[in-house]
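# Descriptive structure summary
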Amino acid sequence: MAAPAAWLNHDFALVHGEDGDGRREAVEGWKRKHVDPEWADFSLTICSEGCPWPEVLSALQEASPLGAEARTVLVPAADNLFTRTKDLPAPVKTLLEKPPAGLKLLLVAWTSLPAAPGKALGAKPWTDWAKAGRILKVGAMEAGDIPGFIEAEARRMGLSLQGSAVSLLAQRQGGHPGLIKRALEVLDLLADNHQVSEAMVDQVTFRLAEQKAFAWSGAWQKGDVANAIKALKGALEDGDEPLMLLGQARREVDRLVRLFEAEAAGLKGPEVLSALGLSPRQAFLLDGYKGALNKVKAKGVKGLLTRVNQCEKDIKGMALSRSEAPLLDLTLALCRAWGR
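Not measured: the values here are computed from a predicted model.

Moving on, we get to the pairing of strand S4 (residues 103–109). Burial within S4 is extensive, with 7 of its 7 residues counted as buried. Burial of the side chains of S4 extends over both faces: Leu 103, Leu 105, Leu 107 and Ala 109 are buried on one face and Lys 104, Leu 106 and Val 108 on the other. Note that strand S1 (residues 12–16) and S4 share 5 bridges and pair parallel. Bridging across to S4, Val 15 finds its partner in Val 108.

Structure below.
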């Protein structure tokens, strides 16, 4: 869905929401409108993901290069900037309330920011931004809109969804357009004569989720930080349930705990495999768990279990953090533990 022209015209703007495709389209549309490609290397500053307000302010205060009409600042993954409205620095608030000429800013949040009183967008200057049309939400669709979106995308691709395929796809993928589109693209490759059955939807949606979770866990088990973070962000951007990913991590950490207990009890060979819930055919996995345990020791295993439990609290809203930061922090800890 193309971003509204009125929103694109604003020099200072915010886009938020879980629809990864919509968010990318909005960002690219805004950049085409406000960034001169010939001057992009000099006049466009892209802040680091999750950076604090002082870093944003520093980027905004840089002088425009000679010959450039304006200086543009883009802040990706800016969810952390909206956790506490009272933390907004006064100089930043002044800029947000009265954007100066020759300066442009786009804030990009991966989640839907609440606008209720006392929440992220429920106070000034964000309430003024909302009235002015500076804020664009590209979050999940309402439940009643999902089947119509699926049917429209299927017609566009020439697919015919049979039986309860539409309702199952809506149930499995939720209201995230990007995730629905990815599933339909896979179904398009698999469907003979473009006929999509309920069984095919069941198979594809299950495998999509499992493959992304496996790609994430497989990367951190190799200590591959870059690909682990890439897989995590890709899964979250597609709208995958964070608790599903956490479940993958919990299973591996739980096996590490069981291995520690098994070694402490003096178990050997098949007894160790049984304690970890592994079959003889999975014996090859034992070396990876032993390598991680030898590296982190008892204290490290306890620390990992604590991180998993805390991450679950954060995701479920029992702690202050509501961003992707808990899973990112857990990913780095798992990479350090398993990496050799």
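Looking now at the sheet that holds strand S5 (residues 135–137). Read across the open sheet, the 5 strands follow the order S2-S3-S4-S1-S5; overall the sheet is parallel. Of all strands in the sheet, those with a lone pairing partner are strand S2 (44–46) and S5, marking the two edges. Neighbour-to-neighbour, the strand axes of the sheet open up by a mean angle of 15°, direction not taken into account. Against the sheet, helix H4 (residues 53–60) contacts S2, strand S3 (71–75) and S4, and its axis sits at roughly 155° relative to S4.

On to the side chain of His 10. Of note, His 10 is situated in the loop between helix H1 (5–8) and S1. Assessed through its relative accessible area of 18%, His 10 is described here as buried. If near-sequence neighbours (up to four positions away) are discounted, His 10 is found in contact with Trp 30, His 34, Ala 132, Gly 133 and Arg 134.

Attention now moves to the layout of surface pockets. Volume-wise, the second largest pocket comes out at about 390 Å³. For the lining of the second largest pocket, the secondary-structure elements that each account for two or more residues are helix H10 (198–220), helix H12 (242–264), helix H14 (286–315) and helix H15 (325–338). Among the elements that make up the lining of the second largest pocket, the one with the highest residue count is H14 (5 residues). Among the residues forming the lining of the second largest pocket, the class breakdown is 6 nonpolar, 8 polar and 6 charged.

A few words now on the packing of aromatic side chains. The final tally for this structure, using the stated rule, is 8 aromatic pairs. Plain terms: the ring middles of Phe 12 and Trp 129 are 6.4 Å apart, the flat faces sit at 70° to each other, and that makes the pair edge-to-face. Pair noted here: Phe 12 is in strand S1 and Trp 129 is in helix H6 (residues 126–132), with a separation of 117 residues, a long-range link. Like Phe 12, the residue Trp 129 is buried in the burial classification. Consider the rings of Trp 53 and Phe 82, whose centres lie 6.5 Å apart with planes at 70°: the pair is edge-to-face. On the criterion of sequence distance, the pair formed by Trp 53 in helix H4 and Phe 82 in the loop between S3 and helix H5 (90–97) is long-range, its members being 29 residues apart. Judged by relative accessible area, Trp 53 falls into the buried class, the value being 6%. An aromatic cluster is present here, built from Phe 12, Trp 53, Phe 82, Trp 126 and Trp 129 joined pairwise through their rings. In this structure, Arg 134 packs its charged tip against the face of Trp 129, placed 5.8 Å from the ring centre.

Glancing now at the side chain of His 16. The residue His 16 is located in strand S1 in this model. A polar contact is formed between the side chain of His 16 and the backbone nitrogen of Leu 113, at a distance of 2.9 Å. The contact partners of His 16, leaving out residues within four places of it in the chain, are Ala 109, Thr 111, Ser 112, Leu 113, Leu 121, Ile 135, Leu 136, Lys 137, Val 138 and Gly 139.

The next subject is the environment of Leu 107. One can find Leu 107 in strand S4. Under the relative-accessibility criterion, Leu 107 is labelled buried at 0%. Considered as a pair, Leu 107 and Pro 76 are 31 residues apart in the sequence and their alpha carbons are 6.5 Å apart. Leu 107 has contacts with Ala 13, Leu 14, Val 15, Trp 53, Val 75, Leu 81, Phe 82, Trp 126 and Trp 129, leaving out every residue within four places of it along the chain.

Okay, the pattern of salt bridges next. Applying the stated criterion across every chain, the model contains 11 salt bridges. The partner of Glu 185 in a salt bridge is Arg 182, and the shortest N-O contact between them spans 3.2 Å. Highlighted residues: Glu 185 and Arg 182, both in helix H9 (residues 177–190), separated by 3 residues, approximately one helical turn. On the accessibility criterion, Glu 185 (39% relative accessible area) is partly exposed. What makes Arg 182 partly exposed here is its relative accessible area of 26%. Between Arg 250 and Glu 312 there is a salt bridge, with its nearest N and O atoms 2.6 Å apart. You can see Arg 250 sitting in helix H12 and its partner Glu 312 sitting in helix H14, a full 62 residues away along the chain. What makes Arg 250 partly exposed here is its relative accessible area of 28%.

What counts and how
- Residue numbers here run from 1 along each chain, matching the order of that chain's written sequence.
- Local features in a predicted model are, by the rule used here, given only for residues with pLDDT of at least 70; side-chain atom pairs are given and counted only at 80 or more, and totals for whole chains, interfaces and linings are based on all residues.
- For the side-chain quantities, the full set of heavy atoms in the structure was used; hydrogens and water were omitted.
- For every residue, the accessible area (1.4 Å probe, protein chains only) is compared with the maximum for its type, and the residue is labelled buried under 20%, exposed over 50%, or partly exposed between those bounds.
- Per the convention used, a helix needs a DSSP run of H or I reaching at least four residues, while a strand needs a run of E reaching at least two, with both numbered from the N terminus.
- Paired strands, as defined in this entry, are two strands with at least two bridges between them according to DSSP.
- Lines are fitted to the C-alpha atoms to define the axes, a helix being fitted only along its stretch in contact, and any angle between axes, read from their N-to-C directions, falls within 0 to 180 degrees.
- By definition, residues are in contact when any of their heavy atoms lie within 4.5 Å.
- In this analysis the probe radius is 1.4 Å and the grid spacing 1 Å, with only protein atoms considered; a cavity is a set of points the probe fits into but cannot get out of, a pocket is an open set with protein on both sides within 12 Å along at least five of seven lines, and lining residues have an atom within 4 Å of a point.
- Grid points are joined across faces, edges and corners, and a volume is the space filled by probe spheres set on the points.
- Residue classes follow a fixed rule: Ala, Val, Leu, Ile, Met, Phe, Trp, Tyr, Cys and Pro count as nonpolar, while Asp, Glu, Lys and Arg count as charged, and any other residue, Gly among them, counts as polar.
- Two aromatic rings from Phe, Tyr or Trp, using only the six-membered ring of Trp, form a pair when their centres are within 6.5 Å; if the ring planes differ by under 30 degrees the pair is stacked, by over 60 it is edge-to-face, and anything between is tilted.
- Charge-over-ring placement is defined geometrically: NZ (Lys) or CZ (Arg) within 6 Å of the ring centre, and within 35 degrees of the ring normal.
- Under the rule applied, a polar contact is a pair of N or O atoms within 3.5 Å (in protein, one hydrogen donor and one hydrogen acceptor; residues adjacent in sequence only if both atoms are side-chain atoms).
- Any Lys or Arg side-chain nitrogen found within 4 Å of a carboxyl oxygen on Asp or Glu counts as a salt bridge.

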